[in-house]
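An overview of the molecular structure
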Amino acid sequence: MQSNIIFKIDLPNGISTACALFEYGKKEEEYEWLEKTFEAYPKWNSISKGAEMGVEDPFIYGDIKVVKGKDFIKLPDGTAEPISYGDFLEETCELMYYAMTAPRGWEWFDSVRNEDRFKEYIEKARKMAHTD
């Protein structure tokens, strides 16, 4: 069984936090969150489908297991309960790539869209989105 999936939780939170920080002009912090998010994807993708993973603290979550690539959680007694993860456990970097390149709807990035540094992250996201 794989260890906790806490780093995966950082994926949707990472891009959301990055958006908010750009909006408030905190570029360096935003780039730090982008980097954390990019570091989390390879870790997540290295876990094989079907792997059971604990979710943070068993005292809080009742020792449930998330099963990668499945739409259910596994309860401590072995029972499977259906669950919809949505973007939370997304398999690819496509949402992040879309967010960083969308012409509208993601205006948070407008202040940095023309920066070379941001363009490098877009290219990273493009490659990850198309190779996952």
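Quick summary incoming for the structure in this document. All of these numbers come straight from a predicted model, not from anything done at the bench.

This brings us to the overall build of the chain. Helix and strand counts for the chain stand at five helices and four strands. Ordered by position from N to C terminus, the α and β elements of the chain give α-α-β-α-β-β-β-α-α. Burial status across the chain gives 37% buried among its 132 residues. The contacts in the chain between residues at least 6 apart in sequence include a share of 53% that link residues at least 24 apart. Of the roughly 7,800 Å² of accessible surface on the chain, 52% is carried by carbon and sulfur atoms.

Once that is clear, we can look at helix H2 (residues 27-45). Its 19 residues place the ends of H2 28 Å apart at the C-alpha level, agreeing with the 27 Å of an ideal helix rising 1.5 Å per residue. Residues of H2 that are buried include every one of Glu-30, Tyr-31, Leu-34, Thr-37, Phe-38, Ala-40, Tyr-41 and Trp-44, and no others.

Counting through the fold element by element, Arg-113 comes out in the loop between helix H4 (94-101) and helix H5 (116-131). Within polar-contact distance, the side chain of Arg-113 engages the backbone oxygen of Ala-102 at 3.3 Å.

What counts, and at which threshold
Residues numbered from 1 in each chain as written. Predicted model: local features only at pLDDT ≥ 70, side-chain atom pairs only at ≥ 80, totals over all residues. Heavy atoms only, no water. Helix = DSSP H or I, 4+ residues; strand = E, 2+ residues; numbered from the N terminus. Buried < 20%, exposed > 50% of the residue type's maximum accessible area, 1.4 Å probe, protein only. Contact = heavy atoms within 4.5 Å. Areas by Shrake-Rupley, 256 points an atom, 1.4 Å probe, with all protein chains shown as cover. Expected span 1.5 Å × (residues − 1). Polar contact = N/O pair within 3.5 Å; in protein donor to acceptor, adjacent residues only side chain to side chain.

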